[in-house]
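Chain residues, written in single-letter form:
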Amino acid sequence: MAQPFRHLLGTDQRQYRRKRRTDTLNGGYVLDRTGHKNPACLFLYREKTAKGAWLRRTYVFFISLFVRFSFSFLPFPFFRFFVSCFLFLSFPFSSFFPFSRFSFLPFSFFFFLLSLSFFFSRNSGVFAVFFYVFLRFVDKIAPTWFVFENVYGLTKFKNGEENIQNHIENRFRDIGYTVKSKILYASDFGVPQRRNRLFIVGNRNGIDFEFPKEFDYSVSVDEAISDLPVLGNGEIQMKGEYTVPFEQASPYAQLMRKKSKAPTQNIVSRNKDYVVERYKYIGQGENWSSIPDRLMENYADKKRCHSGIYKRLIGGKPSVVISNYRKSMLIHPHQDRGLSVREAARLQSFPDHFIFEGPVSYVQQQIGNAVPPLLAKAVMKKILTYK
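Conventions used here
Starting afresh in each chain, residues are numbered from 1 along the sequence in its written order. Given that this is a predicted model, residues contribute local features only at a pLDDT of at least 70 and side-chain atom pairs are listed and counted only at 80 or more, while totals for whole chains, interfaces and linings are drawn from all residues. With hydrogens and water set aside, each side-chain value is computed from the structure's full complement of heavy atoms. Starting at the N terminus, helices and strands are each numbered in turn, a helix being any DSSP run of H or I of at least four residues and a strand any DSSP run of E of at least two. What makes two residues a contact is simply this: any of their non-hydrogen atoms within 4.5 Å. In short, Shrake-Rupley with a 1.4 Å probe defines the accessible areas, and a residue's cover is counted only from the protein chains shown. To count toward a patch, a residue needs a relative accessible area over 30% and no salt bridge; like charges are then connected within 9 Å, while nonpolar side chains (Val, Leu, Ile, Met, Phe, Trp, Tyr) are connected within 5 Å. Throughout this description, the term salt bridge denotes a Lys or Arg side-chain nitrogen within 4 Å of a carboxyl oxygen of Asp or Glu. Note on terminology: a nonpolar core comprises buried Ala, Val, Leu, Ile, Met, Phe, Trp, Tyr and Cys residues joined through side-chain atoms within 4.5 Å. The buried label applies to any residue whose accessible area, calculated with a 1.4 Å probe on protein chains only, is under 20% of its type's maximum; exposed applies above 50%, and partly exposed to all values in between. In this description, the arc belongs to the directions extending from the helix axis to the C-beta atoms. Here is the rule: rings of Phe, Tyr and Trp (six-membered ring for Trp) pair when centre to centre is within 6.5 Å. Planes less than 30 degrees apart are stacked, more than 60 are edge-to-face, and the remainder are tilted. Counting as a charge over the ring demands two things of the Lys NZ or Arg CZ atom: a distance within 6 Å of the ring centre and an angle within 35 degrees of the ring normal. Neither His nor the chain ends is counted toward charge; the positive residues are Lys and Arg and the negative residues Asp and Glu. One atom stands in for each charge, and that atom is NZ of Lys, CZ of Arg, CG of Asp or CD of Glu. As used in this structure description, the phrase polar contact means that two N or O atoms lie within 3.5 Å; if the pair is within protein, one of them must be able to donate a hydrogen and the other to accept it, and residues adjacent in sequence are counted only when both atoms belong to side chains. Pairing between strands is defined by DSSP: at least two bridges between the two strands are required. Each axis is a line fitted through C-alpha atoms, and for a helix only the stretch in contact is used; angles between axes span 0 to 180 degrees, taken between their N-to-C directions.

**Notes on the overall build of the chain**
Scanning the chain for helices and strands turns up 13 helices and ten strands. Put simply, 63% of the contacts in the chain that link residues at least 6 apart link residues at least 24 apart. Accessible area for the chain stands at about 22,000 Å²; split by element, carbon and sulfur atoms hold 58% of it.

What follows is the structure in structure tokens.
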């Protein structure tokens, strides 16, 4: 590790001194092994004091406030992006500033992400960097085929006067790809969910790609999850039991259970008692509007709730979109509780042998962000038919 970055190692100062006995202080500077003055190490040898710690925290706090509010005066998102990149990339050199024992990394990284939110805002007219990173990879790797998937709303965004979807397609054409796009509904390809997404498929062989044809059937919520364990609010069964024998399960459930002997990750987030009480008033297909006013008194304006909040799924139809189902509080069609991890995974067409890693909140987000595997499979199978 280069000498100027010692303070980033997080090593206890006394241990650090024992490891670097050959270093000596010289006029407020540290002489490293090469004999050069190293200002970056100066504050490594200062003992912590309560007064000094508060001074440093106060200093960084006001600096962070200044940077935060300065964003509102920057005229263009690109300038905000540039300023945050400067802060983020300059953090290794923060040791040359006073109070260097308090790293600027968390703050500069926060403002870097904050500027990205400005930079990628719908109102900025710029979809930009994330797409161009993907475009650069495609250009450099030059695969024969690529698949680009994003939200349906992308078709409505604009980059100046140009529609974002057209802009994306034209950029792929500029690097030599033949491109076709279409809005696909997951429920048309065996997924028990009414999820629409924009797919853009390109190839370098000049092939006029045709998207796969829709299936002649759909899968309902009941067909997808009715064989999974009956659970209560906040209940966790890391390994449960199927409630229906394999032979009696729906074709979709059999497909999901093909490589699994037992359903895993049957995890239901715990809701407050008053939330569960609200669930009891909501019928299939209904939402928060069915909840009595006396149970919604903690809402300043009940009518401003999103239509997807407190949505109970309809058992006989495909599910609504599974995004972050915990935050939107999707309700089981027959039980007064939220969906379990495994139920949400089933509605996204993840097989039961697929195990999600991480904290429950992360797992819920992973499931909601994913491309349904059966939808992806349909697109890839079609691509493989072309030689």
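**Considerations on a nonpolar patch on the surface**
A grouping of V133, F137 and I141 is seen on the molecular surface, where their side chains present a nonpolar patch of about 280 Å² in accessible area. Here I141 shows up in helix α5 (residues 129–141).

**A word on the nonpolar core**
In this structure, L184, V201, I322, L347, F356 and I367 are the most contacted members of the largest nonpolar core, which totals 37 residues. Those elements that provide at least two residues to this core are β8 (196–203), α7 (221–225), α8 (251–257), α11 (341–347), α12 (360–369) and α13 (373–383). For this core, the element with the highest residue contribution is α13, accounting for five residues. Discounting residues that sit within four places of it in the chain, F356 has contacts with Q265, V341, R342, A345, F350, V363, Q366 and I367.

**Describing α12**
Looking at α12, one finds that the buried residues are V363, Q364, I367 and G368. On an axial view of α12, the arc spanned by its buried residues comes to 135 degrees, and they lie on one face. Among the exposed residues of α12, those oriented more than 90 degrees off its buried face are Y362 and N369.

**Points about the packing of aromatic side chains**
One pass over the full model with this rule turns up 19 aromatic pairs. A centroid spacing of 5.8 Å and a plane angle of 70 degrees characterise the contact between W145 and F209, whose relative ring orientation is edge-to-face. Highlighted residues: W145 in strand β4 (residues 145–151) and F209 in the loop between β8 and α7, separated in sequence by 64 residues. Residue class for W145 comes out buried when judged on its relative accessible area of 18%. Plain terms: the ring middles of F209 and Y386 are 5.7 Å apart, the flat faces sit at 50 degrees to each other, and that makes the pair tilted. Here F209 is found in the loop between β8 and α7, whereas its partner Y386 is found in the segment after α13, with 177 residues between them in sequence. Site record: aromatic cluster; members linked through ring pairs are F131, Y132, F134, F146, F148, F172 and Y177. Over the aromatic face of Y177 sits the side chain of R204, whose NZ or CZ is 5.1 Å from the ring centroid. Above the face of the Y242 ring, R257 is positioned so that its terminal group lies 3.8 Å from the ring centre.

**As for the environment of P292**
Position of P292 relative to the elements: it lies in the loop between α9 (273–279) and α10 (325–328). Spatially, the C-alpha atoms of P292 and R278 are 8.0 Å apart, while their sequence positions differ by 14 residues.

**With respect to the environment of Y185**
Note that Y185 resides in strand β7 (residues 178–185). Given a relative accessible area of 28%, Y185 falls into the partly exposed group. In this structure, Y185 is in contact with R194, R195 and N196, ignoring residues within four places of it in sequence.

**Let's talk about a positive patch on the surface**
On the surface, a cluster of positive charge is made up of K258, K259, K377 and K381. Mapped onto the elements of the fold, K381 is located in helix α13. Judged by relative accessible area, which is 53%, K381 ranks as exposed.

**So, the side chain of D227**
Structurally, D227 is set in the loop between α7 and β9 (236–239). Engagement of the side chain of D227 in a polar contact is seen with the side chain of R346, the distance being 2.8 Å. Beyond its immediate chain neighbours, meaning those up to four positions away, D227 contacts Y242, T243, V244, A253, R257 and R346.

**Observations concerning the sheet that holds β4**
Strand order in the open sheet formed by three strands is β4-β8-β7, and the pairing between neighbours is antiparallel. Looking at the sheet topology across the chains shown, the edges are occupied by β4 and β7. Between one strand axis and the next, the sheet turns through 20 degrees on average, direction left out of account. The sheet contact formed by β7 and β8 spans eight bridges and is antiparallel. From the neighbouring strand, Y185 faces β8, where its bridge partner is N196. Sitting on the sheet, helix α6 (residues 164–174) is in contact with β4, β7 and β8, with an inclination near 145 degrees to β7.

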